[in-house]
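Structure at a glance
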Amino acid sequence: MTIPVETVNVQFMNQSFIDKIDQGLVKEAGAAMSAFVRQKLRETGFTRKILTPQMITASDLDRGLDDQPRVIIEKEPDSTAATMSLSGQPTVRYFKGARYEVPFYKIQSERFTKSKFELATYRTDIRNILQENSVKDVQKQEDENFFAGLKAIQENVRGQAILSTTGDRVTDRVMGLIQTLVKDHQKPGKILMSHALYLQMLREPATQLGDAVAAKHFNTGSMDSFYGFEIITTIKGDILSSVEGQNLGDVVAVFAPEEYLGQFYSLQEPTVFLKAEADMIEFQIYESIGIGIGNAKGFVLGKVDLA
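Residues numbered from 1 in each chain as written. Predicted model: local features only at pLDDT ≥ 70, side-chain atom pairs only at ≥ 80, totals over all residues. Heavy atoms only, no water.

1. Details of the overall build of the chain
For clarity, the threshold we go by: Here a strand is any run of E in DSSP of at least two residues, a helix any run of H or I of at least four, and the numbering for each starts at the N terminus. We call a residue buried when its accessible area falls under 20% of the maximum for its residue type, exposed when it is over 50%, and partly exposed in between, using a 1.4 Å probe and counting protein chains only. Should any heavy atoms of two residues lie within 4.5 Å, those residues are considered in contact. Computed with the Shrake-Rupley method and a 1.4 Å probe, the accessible areas treat only the protein chains shown as cover for residues.
The helix and strand inventory of the chain stands at nine helices and 15 strands. Taken across its 307 residues, the chain has 44% of its residues classed as buried. Taking all contacts inside the chain whose residues are at least 6 apart in sequence as the whole, residues at least 24 apart take part in 75%. Within the structure as shown, the chain displays about 16,400 Å² of accessible surface, and the carbon and sulfur contribution to it stands at 49%.

2. Considerations on the pattern of salt bridges
In a structure, side chains of opposite charge can pair up when their charged atoms sit close to one another. Basically, it comes down to this: A carboxyl oxygen of Asp or Glu within 4 Å of a side-chain nitrogen of Lys or Arg is what we treat as a salt bridge.
Here the structure, examined in full by the defined rule, presents twelve salt bridges. Its salt-bridge partner being E101, residue R70 comes within 2.9 Å of it at the nearest N-O pair. Within this pair, whereas R70 is found in strand β2 (residues 70-74), its partner E101 is found in strand β5 (residues 99-103), the two being separated by 31 residues in sequence. Pair check on accessibility: R70 and E101 agree, each one buried. Beyond isolated ion pairs, a larger network of salt bridges with shared partners links R48, E142, E269 and E287.

3. Some details on the environment of L197
By the secondary structure assignment, L197 is in helix α7 (residues 195-202). C-alpha separation for the pair L197 and D305, spaced 108 residues apart in sequence, amounts to 8.8 Å.

4. Comments concerning the packing of aromatic side chains
What counts here: Stacked, tilted and edge-to-face are the three classes applied to pairs of Phe, Tyr and Trp rings, where Trp contributes its six-membered ring and a pair requires centres within 6.5 Å; stacked means planes under 30 degrees apart, edge-to-face means over 60, and tilted covers the rest.
With the rule as written, the count across this model stands at four aromatic pairs. Aromatic ring contacts, followed pair by pair, group F146, F255 and F299 into a single cluster.

5. Some words on the environment of T166
Topologically, T166 is positioned in the loop between β8 (163-164) and α6 (170-183). Along the primary structure T166 and K303 are separated by 137 residues, whereas in three dimensions their C-alpha atoms are 9.3 Å apart. Setting aside residues no more than four positions away along its own chain, T166 makes contact with D172 and R173.

6. Points about the nonpolar core
Across soluble globular proteins, you tend to see nonpolar side chains buried next to one another. Rules: For this analysis, a nonpolar core means a set of buried residues of the types Ala, Val, Leu, Ile, Met, Phe, Trp, Tyr and Cys, connected via side-chain atoms within 4.5 Å.
Ranked by internal contacts, the top residues of the largest apolar core, which has 39 residues, are I50, F146, F255 and I293. With seven residues, the top contributor of residues to this core is helix α5 (residues 126-158). L177, I231, V254 and V304 belong to the second largest nonpolar core, which has 18 residues in total.

7. Thoughts on the pairing of strand β14 (residues 280-293)
For clarity, the threshold we go by: DSSP bridges decide pairing: two strands pair if at least two such bridges lie between them.
The element β14 is largely enclosed, with a buried count of twelve among its 14 residues. The sheet contact formed by strand β7 (residues 112-115) and β14 spans four bridges and is antiparallel. What sits directly across from S115, in β14, is M280. Inspection of the sheet shows strand β13 (residues 262-277) paired to β14 by 13 bridges, in the antiparallel sense. Residue pairing for β14: S266 is matched across the bridge by I289. In sequence, β13 turns back onto β14 through a hairpin of two residues, with A278 there showing a positive phi of about 55 degrees.

8. Overview of α7
Cut-off, in case you're wondering: Directions pointing from the helix axis toward each C-beta atom define the arc.
Of the positions making up α7, those classed as buried are L197, Y198, Q200 and M201. Buried residues in α7, looked at end-on, bunch into an arc of 160 degrees, giving them a common side.

9. A look at the confidence of the model for the chain
For clarity, the threshold we go by: The predictor attaches a confidence to each residue, and that confidence, scored 0 to 100, is pLDDT.
The pLDDT averaged across the chain works out to 79; a share of 74% of its residues lies at or above 70. Note on residues 1-10: pLDDT is under 50 here. Beyond four places in sequence and across chains, it has four contacts.

10. With respect to the environment of V170
With respect to the helices and strands, V170 occurs in helix α6. Here V170 falls in the buried class, since its relative accessible area comes to 2%.

11. Topic: the side chain of Q263
Structurally, Q263 can be placed in strand β13. With a relative accessible area of 15%, Q263 lands in the buried category. If we ignore the near neighbours within four places in the chain, the residues touching Q263 are L51, I73, Y100, V102, G290, I291 and G292.

12. So, unusual backbone geometry
Even without a glycine there, the phi angle at H185 is positive, about 60 degrees. Looking at where H185 falls in the secondary structure, it is placed in the loop between α6 and β9 (190-194).

Written out as structure tokens, the structure reads:
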């Protein structure tokens, strides 16, 4: 017996969305889109894979002399901490006391405007339009600002924003960066690299990677760890680049585990602001997050030439 499967036409879904707006249910329409946005953003942003976001509320904020939201973190004495601006400028503030603050900043996408009559003609889900136009913009801003802050911190702590590496192979150079952390009495945990550099590392001979690992790669397997350290890959080679504005992907970042690195606080998860006036529908995504690097020597950035 064949059981019929009922499918929902996406144009019907779009029309239902528009009907909610016409009925004044703008908040309800925006909430449905926000749920989709949060899921997609967490899946692709590499910043959130290095530091797991911790949701906080207004009751968790600490008071200061100004009205800016912040969280005060206690740290080990005789160590340097830093907080980075995620508002578009790679401003870094350093702290050498027993505590440091993690301020919050807003990141938002461009504002998009569309007529509801035009939206009604789409044969794809409106939420997919939102994903393509806005979510990728927000996640890239988040990662760009995070990486710019890391470079500013390393330049102050290690003297260079991006260190040079030596070795004949990618694995040799990555291991050199790991040893840099070890020499600073740090515990390496995660490795961030571009997908292009990751593919080059997979081309290395079995004598370098090990027979079992090489055989797994040949059979379409993946490498999710390197000598026990978690590997995080990204296609954003333009961010992990030693030359600004070029899509090189030649920079590798090695991080200590989260408990030895810093904090990622989310005061406002990615949310859709939706506004309707006459037939025009306007929307954008915004979030409020704060990142603090409690251990300024808990990471290292290095250049690995791509052959």
